[in-house]
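If you want the building blocks of each chain, they are given just below.
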Amino acid sequence: MKILKLAALFLSVSAASYAQNESKRFAVSPEAPNSGDEITITYDPAGTVLKDAKQVSGRLYTHGNFKWKIADISLKPTADKKWQTKVKLSDDAALITCVFISDTLIDKGGKETYSWMIPPTKSSYSGWGLLRNESFADQHPNFLDPISTINDTISLMWIKYELQYHPESRINVFYEGLRLTKSVKPIDMTKPIKNELRFVLGNNLDNVQQYNVQKSLNLLEQPANKAFTDSVQKVLVTKYPNGVWARDLEIKKIFNEADFNKKVALYNAFEKNFPQSKFQDVLTDTEALFYDKMYKAIAYNYIVKNKDYDYSINNIKKASYGIVLDYAWHLVSIPFDRDQEGSEKTSLETLKKHADVIYPELESREAFVPKEYAQKLSLKEWQDQCLNFGAREFFTYAKIQEIFKNYDLERKYLDKIKPVMQFKNASYNEVYSRMLLREGKTAEAKAYILEAAKQNQVTPATIAALKELYLKEGKKEADFDTYLNSLKADKNEEHKKKLILELINLPIDGFEMESSRGGKVKLADQKGKIVVLDFWAMWCGPCKNAMPGMNMAVNKYKTDDNVKFYFVDTMEYIKDYKAQTQAFIKEKGFDFTILYDSKNPKTGKFDAVYEKYAKAFHFSGIPEKMIIDQNGNLRWMSNGYFGSPSELVDEISIIVDYLKAEKK
């Protein structure tokens, strides 16, 4: 970095670019560019983690006018094994910093960083001084190596340089200066803070500056300075009636309003007085904590109270990305999955109607970085984050398109989420391979299923499809299971080692529960048998999602009278839960023995056995699986479900077979 010699004289600081220029890893041409110039960035990866990279991209972080802008950049190789790109600096560029990337590897520049200051541009010194201070990570992109961080004393030095060369910057860095001074100097800062705020309030403040006044008030000890704080806040409301502090107050007011009709009226007035478009440059703590909750309280109250979805759907462009994602989950994915599970059925036509508004809107938000991430992420980083956030929801949308035979849209969304889900999600693998088979791409489908099987991420339907392809090749049905197991051999061996290490050997109290097959089942009567317990409930989605895998396990040991599977229906709260559970099991075609959890004498709830075991073995939540050996001891437990029926049946099989062999 081209650091002014005067600055270097005041304090012995390792100016980043001197070391960079010596190592020649990072260079800018021309060496003394001006804001708005086109520059050439040269990166030499020799000696770095990217030394053998076949392709290099990066991110360019530009600080100007006290804000960060982030751009994705691509670099081209040069004849001398370096990488270059040309970029046009923004008209307010004061400081640039780069990171360089190849696949999952990233070179952040270490202690020196890949940075270049453009003095004497306003905000260059303060930007450089704050960028490397972890205490201000909420105000800048947090991307540098920890080794490059500096302390508050050095950051304060750079703030002083900013004010020395740009006195007009005072109104932009007063908060940071006060905060750093309070940290560095062992003096009472009450008077300096008050004097500074009096000076600042005499200026015409933008949104960020108004918010910095609010943050500066937090540097004062309370309640000793309450009167001064109240007076400053009064000035903010009076001088800026439609400003940042007034907006924060109104957000809290609406959030706390208990009367729904009043809440709606207040929000409608809020929209007129504080349009979102005027506050894109600032995100206060109050907004971050309460705005989405305030909005969701209104949107979901319309649904809960009046079954009115129009407010959510018709006003979707006003909702944040997080709320739109929440709509996709609550208004489409949950009811769609419940419909598939046979309870709380919702019209698929209605779901599609909602989905056709929600999902295109969700996708449109990927085109720009929202303000809460604007100075944190590049567009590509944001889009990658969106893909991870939204993959589950877009998968639901793809499945809906398949039902309605909109196959082009199904493929579009399956391809969209493929980088996140392929070979990692058994349900996705089923739908994707089914699409390939429907398109007549048999060889591609087989190759896909084989890889999914090797990763042990297949469903019963996918296994059936593979078996059909196997038999069409003239192979014997009797050999298929061996063939399938051979595909998973490496994964299973690795899984087996892990599971055996998880084995326990603990005494467990008995139980006596009513059975769906009539009579009661007692653990005491199961001596000499391996008992697999699966605690579940009708309201538990993951419990139901795990059942295809558990059904595979039940079928595998169906003829082995020494292995018993019991599905303990627990924590149910509806009156006809027994009828509903039996109807659900029948609809799915599962041959399960359901045990109904006993009534808890302390609470009156139907969770006596579950609560006893949860307390004894320190777990919570369902599904919870427990395997008890032939001696009546608890040997293994597992909580939750991670999405692969084939992996689940293998997991159960590994433990059961190990216990059977151990007995011998």
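K.L.:
Talk me through the sheet that holds strand β12 (residues 520-522); I want residue IDs and the actual numbers.
P.N.:
Spatially, β10-β17-β16-β13-β14-β15-β11-β12 is the arrangement adopted by the 8 strands of the open sheet, whose pairing is mixed. The sheet is open, and its two edges are formed by β10 (506-507) and β12, each paired on a single side. As paired elements, strand β11 (residues 512-515) and strand β15 (residues 594-596) share 2 bridges and run antiparallel to each other. Bridging from a neighbouring strand, Glu514 pairs with Tyr596 of β15. On top of the sheet, helix α24 (residues 547-556) reaches β13 (530-536), β14 (563-569) and β16 (624-628); it is set at about 155° to β14, its chief contact.

K.L.:
Provide a residue-level description of the sheet that holds strand β6 (residues 83-88), including the pertinent values.
P.N.:
Reading across the sheet, the 4 strands line up as β1-β2-β6-β5 and stay open at both edges, with antiparallel pairing between neighbours. Pairing within the sheet leaves two strands with one partner each, and these edge strands are β1 (26-29) and β5 (76-77). The pairing of strand β2 (residues 38-43) with β6 spans 6 bridges and is antiparallel. The residue of β6 that forms the bridge with Thr42 is Gln84.

K.L.:
Run through the pattern of salt bridges, naming residues and quoting values.
P.N.:
In total, this model carries 42 salt bridges according to the counting rule given. Its salt-bridge partner being Lys371, residue Glu287 comes within 2.9 Å of it at the nearest N-O pair. Placement of the pair is Glu287 in helix α11 (residues 285-306) and Lys371 in the loop between α14 (348-364) and α15 (379-403), with a sequence separation of 84 residues. The same class applies to Glu287 and to Lys371, which are both buried. One salt bridge connects Asp356 with Lys352, and the closest N-O pair in it is separated by 2.7 Å. Highlighted residues: Asp356 and Lys352, both in helix α14, separated by 4 residues, approximately one helical turn. Given the relative accessible area of 31%, Asp356 is considered partly exposed. We classify Lys352 as buried; its relative accessible area is 18%. Connected via shared salt-bridge partners are Glu402, Glu410, Glu430, Arg434 and Arg438.

K.L.:
An account of the environment of Lys578 is requested, with residue identities and associated values reported.
P.N.:
Here Lys578 is to be found in helix α25 (residues 577-588). Overall, Lys578 belongs to the partly exposed group, its relative accessible area being 31%. Sequence separation between Lys578 and Ser516 is 62 residues; the distance between their C-alpha atoms is 8.2 Å. Residue contacts for Lys578: discarding those within four places in its chain leaves Glu514 and Tyr596.

K.L.:
Please give an account of the nonpolar core that cites residues and values.
P.N.:
Formed by 70 residues in total, the largest nonpolar core has its most connected members in Leu533, Phe565 and Tyr613. With 7 residues, helix α27 (residues 645-663) is the largest single contributor of residues to this core. Every residue in contact with Phe565, bar those within four places of it in the chain, is listed here: Val532, Met550, Ala553, Val554, Tyr557, Thr593 and Ile652. If you look at the next biggest cluster of nonpolar residues, it comprises 60 residues, including Ile303, Val324, Ala328 and Leu414.

K.L.:
Report on the state of the cysteines, specifying residues and quantitative values.
P.N.:
Taken as a whole and judged by the stated rule, the model has 1 disulfide. A sulfur-sulfur separation of 2.3 Å characterises the disulfide bridge that pairs Cys540 with Cys543. Taking the torsion about the sulfur-sulfur bond, which here is approximately 80°, the covalent link between Cys540 and Cys543 counts as right-handed. Comparing Cys540 with Cys543, the two get one shared label, buried.

K.L.:
Describe the environment of Lys88, with residues and values.
P.N.:
The residue Lys88 is located in strand β6 in this model. Considered as a pair, Lys88 and Ile39 are 49 residues apart in the sequence and their alpha carbons are 6.2 Å apart. Ignoring sequence-local partners within four residues, the contact set of Lys88 consists of Gly36, Asp37 and Glu38. Engagement of the side chain of Lys88 in a polar contact is seen with the backbone oxygen of Gly36, the distance being 3.0 Å.

K.L.:
Tell me what's going on with the side chain of Glu366, and back it up with residues and numbers.
P.N.:
As for its position among the elements, Glu366 is in the loop between α14 and α15. Sequence-distant contacts of Glu366, that is, excluding residues within four places in its chain, are made with Leu379, Trp382, Gln383, Cys386, Phe394 and Lys416.

K.L.:
For unusual backbone geometry, give the residues involved together with the corresponding values.
P.N.:
Between Gln222 and Pro223 the backbone carries a cis peptide bond, its omega angle lying at 5°. Structurally, the position occupied by Pro223 is in the loop between α7 (207-217) and α8 (226-239). A cis amide bond, omega 5°, links Ile622 with the succeeding residue Pro623. Here Pro623 shows up in the loop between α26 (608-617) and β16.

K.L.:
A description of helix α19 (residues 442-454) should follow, citing residues and the corresponding values.
P.N.:
Between the first and last C-alpha of α19 there are 18 Å, a value that for 13 residues agrees with the 18 Å anticipated at 1.5 Å per step. Taken as a whole, α19 has its buried residues at Ala445, Tyr448, Ile449, Leu450, Ala452 and Ala453. If you follow the buried residues of α19, they end up packed against α18 (426-438), α20 (460-472) and α21 (480-487). Positioned one or two residues after α19, Asn456 has a phi angle of 60°, which is positive.

K.L.:
Now, about the packing of α14 against α15: what can you tell me, with residues and values included?
P.N.:
Two elements in contact, α14 and α15, have axes whose closest approach is 10 Å; the angle formed by their N-to-C orientations is 135°. With respect to each other, α14 and α15 are oriented oblique. Crossing angle aside, the handedness with which α14 passes α15 is left-handed. Contacts between α14 and α15 involve Leu348, Lys352, Ala355, Asp356, Tyr359, Pro360, Leu362 and Glu363 from the first element and Glu393, Phe394, Thr396, Tyr397, Ile400, Gln401 and Ile403 from the second. Of the residues assigned to the contact of α14 with α15, the class counts are 9 nonpolar, 2 polar and 4 charged.

The rules behind these values
Residues numbered from 1 in each chain as written. Predicted model: local features only at pLDDT ≥ 70, side-chain atom pairs only at ≥ 80, totals over all residues. Heavy atoms only, no water. Pairing = 2+ DSSP bridges. Helix = DSSP H or I, 4+ residues; strand = E, 2+ residues; numbered from the N terminus. Contact = heavy atoms within 4.5 Å. Axes fitted to C-alpha atoms, helices over the stretch in contact; angles between N-to-C directions. Salt bridge = Lys/Arg side-chain N within 4 Å of Asp/Glu carboxyl O. Buried < 20%, exposed > 50% of the residue type's maximum accessible area, 1.4 Å probe, protein only. Core = buried A, V, L, I, M, F, W, Y, C linked by side-chain atoms within 4.5 Å. Disulfide = S-S within 2.5 Å. Polar contact = N/O pair within 3.5 Å; in protein donor to acceptor, adjacent residues only side chain to side chain. Expected span 1.5 Å × (residues − 1). Parallel < 35°, antiparallel > 145°, perpendicular 65-115°, else oblique. Left-handed = near helix turned anticlockwise from the far one by under 90°. Nonpolar A, V, L, I, M, F, W, Y, C, P; charged D, E, K, R; others polar.

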